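Okay, here's what each chain looks like letter by letter:
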Amino acid sequence: MAAEISRQVIENRYNHIYIMNEALFGQSFEQLKEMMAEMGLSLKVDFSHFYICRTGISKKWYRSRLGMTREHYIRQKDILKECLENLLEDCGYVGEMDTVNYDRSKQLAIVFSPGRQERCTPREVAEKITVLWEETYKKKEGFTGSGLANVTAFAGPFHSYEELEGGFEEVSRLHRLDFFRMESMVLDRAWYEQRTSPCDFGQIKELLNDWEQAFFTKQYEKMEAVLRQLFCVRLKNSFDRDLCERTLTEFRDRFAYFSETFDYEPDRQLDSLLSLERYASIEELFDSVNRLSRSQREEIPSRIHSLSRLSMKAVRFIRDNYEREIGLTDLAEALNVAPGYISRIFNREVGVRIPSYLTRIRIEKARQLLSETDLRVSEVARRVGIENVQYFNVLFKKHVNMSPQEYRKLENGGAPMDISYRKLR
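Each chain has its residues counted from 1, running along the sequence as written. Residues qualify for local features only when their pLDDT is at least 70, as the model is predicted, and side-chain atom pairs are given and counted only at 80 or more; totals for whole chains, interfaces and linings, by contrast, use all residues. Just so you know, side-chain values use all the structure's heavy atoms and leave hydrogens and water out.

Turning next to the pairing of strand S3 (residues 108-114). Along S3, seven of the seven residues are buried, which leaves the element largely enclosed by surrounding structure. At least two bridges found by DSSP between two strands is the condition for calling them paired. In this text, helices come from DSSP runs of H or I with a minimum length of four residues, and strands from runs of E with a minimum of two, each type numbered from the N-terminal end. Note: strand S1 (residues 50-55) against S3, five bridges, orientation antiparallel. The residue of S3 that forms the bridge with Thr55 is Leu108. In this sheet, S3 lies alongside strand S2 (residues 93-99) in antiparallel orientation, the contact comprising seven bridges. Paired with Glu96 across the two strands is Val111, which belongs to S3. The buried label applies to any residue whose accessible area, calculated with a 1.4 Å probe on protein chains only, is under 20% of its type's maximum; exposed applies above 50%, and partly exposed to all values in between.

Pasting the structure below:
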């Protein structure tokens, strides 16, 4: 008898999770009512007036950083659900809550409506939910110092069931902004709009140019200051994850440039270290990039002396104009010097001839386009400044040991091949 009751409890628990996820992810109301009738369930929400919260630390963090097992998480969630139900009742609200399963986050979605006598505002309810979760996490060994905090995304009011899916999408987008504000708090649209400071990629590149120039002139304190401004001010206040991704792609390009130009081996985990999904907060990302920057500046100066301002301008001109048909004469005219003079200076200071350096940049950019886009090979060639696709194919194979098509297949999961990148001298 006890076992039968236990099985029924478990079945009801999973049925409730299923119904909640169907509702949140867009199931029609008529279909939802049919499913609930079959399962003997109902939802205590007034869909003519309701609010939505999304709260809790996602599965990838509570498992990797807190060491929580599935069983431990379920026990904690059941305890919290009971506490949250009591909290809603004490505040004068009614609602439903359960695990968000369909996106595998295992966070908690809460949909609630005013009861007969509200004792606080809906946002105050969200604040109380945040505090309750945070206090629960703090009891878990390892939470302090984990770099994590409980953030609650809040939206509403909504006035029809048809608005539920859109409202849930809104709190889901808001909750992803915890990367920029990893602290115990409530995020809503008004809070986000008041604190967002738009930033474009042009501004990011200017800061990256400042960082690069500080490296060449050995102003190492300035390098760190520029990175802090970039990550902890500009990107942090932009709340723009796509801009963060573009910034990390640009960093990969610049680290590749340093490693190829100055013949040193970058961190073997560079791609992993420059993956946004690796970090819970923008501060963690800054710390990691700053460590890479320190490693670079400690490794390279032992191999080279500082570049002159002329060589730095030449490097910048080539990197900014590689997609055009440029040659030594174009570079000399841009720098207002004789072709022979800049050729000698560049070769001596950078350690590679100008045409070879230009080819290196073009091949590196072509590899990126082949792995990250579906552009035709002829278009990839054109975008890196080579109009003759046959010549591009020959050049690419010479330096990457395979054709562009073979390289793309490999990057897309094909059979492994020898892709040792030949140094261009």
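This paragraph deals with the environment of Cys232. You can see Cys232 is positioned in helix H9 (residues 220-238). Distance from Cys232 to Phe286, taken between C-alpha atoms, is 7.2 Å for residues 54 residues apart in sequence. Whether two residues are in contact is decided by their heavy atoms, any of which lying within 4.5 Å being enough. In contact with Cys232, not counting residues within four places along its chain, are Leu227 and Phe286.

Overall, mixed pairing links the five strands, which are arranged S2-S3-S1-S4-S5 in an open sheet. Both edges of this open sheet fall to S2 and strand S5 (185-187), since each of them pairs with a single strand only. Averaged over neighbouring strand pairs, the angle between their axes works out to 25° when direction is ignored. Bridging between strand S4 (residues 151-158) and S5 involves three bridges; their strand directions are parallel. Across the sheet, Ala153 pairs through a bridge with Leu187, a residue of S5. Inter-axis angles, ranging from 0 to 180 degrees, are taken between N-to-C directions of lines fitted to C-alpha atoms, where helices are fitted over the stretch in contact. Packed onto the sheet, helix H5 (residues 122-138) meets S1, S2, S3, S4 and S5 and runs at close to 155° relative to S4.

On the surface, Tyr18, Phe25 and Tyr102 cluster together to form a nonpolar patch covering roughly 270 Å² of accessible area. Taking the relative accessible area as the measure of exposure, Tyr102 reaches 39% and is therefore partly exposed. Surface patches are drawn from residues lacking salt bridges whose relative accessible area is over 30%; two like charges belong together within 9 Å, two nonpolar side chains (Val, Leu, Ile, Met, Phe, Trp, Tyr) within 5 Å. Note on areas: these come from Shrake-Rupley sampling with a 1.4 Å probe, and a residue is covered only by the protein chains present in the view. What makes a salt bridge here is a side-chain nitrogen of Lys or Arg within 4 Å of a carboxyl oxygen of Asp or Glu, nothing more.

Moving on to unusual backbone geometry. Looking along the chain, the bond that leaves Gly156 and enters Pro157 is cis, with omega of 5°. Relative to the assigned elements, Pro157 resides in strand S4. The residue Phe239 is not glycine, and still its phi comes out positive at about 55°. Here Phe239 shows up in the loop between H9 and helix H10 (241-261). Given a relative accessible area of 5%, Phe239 falls into the buried group.

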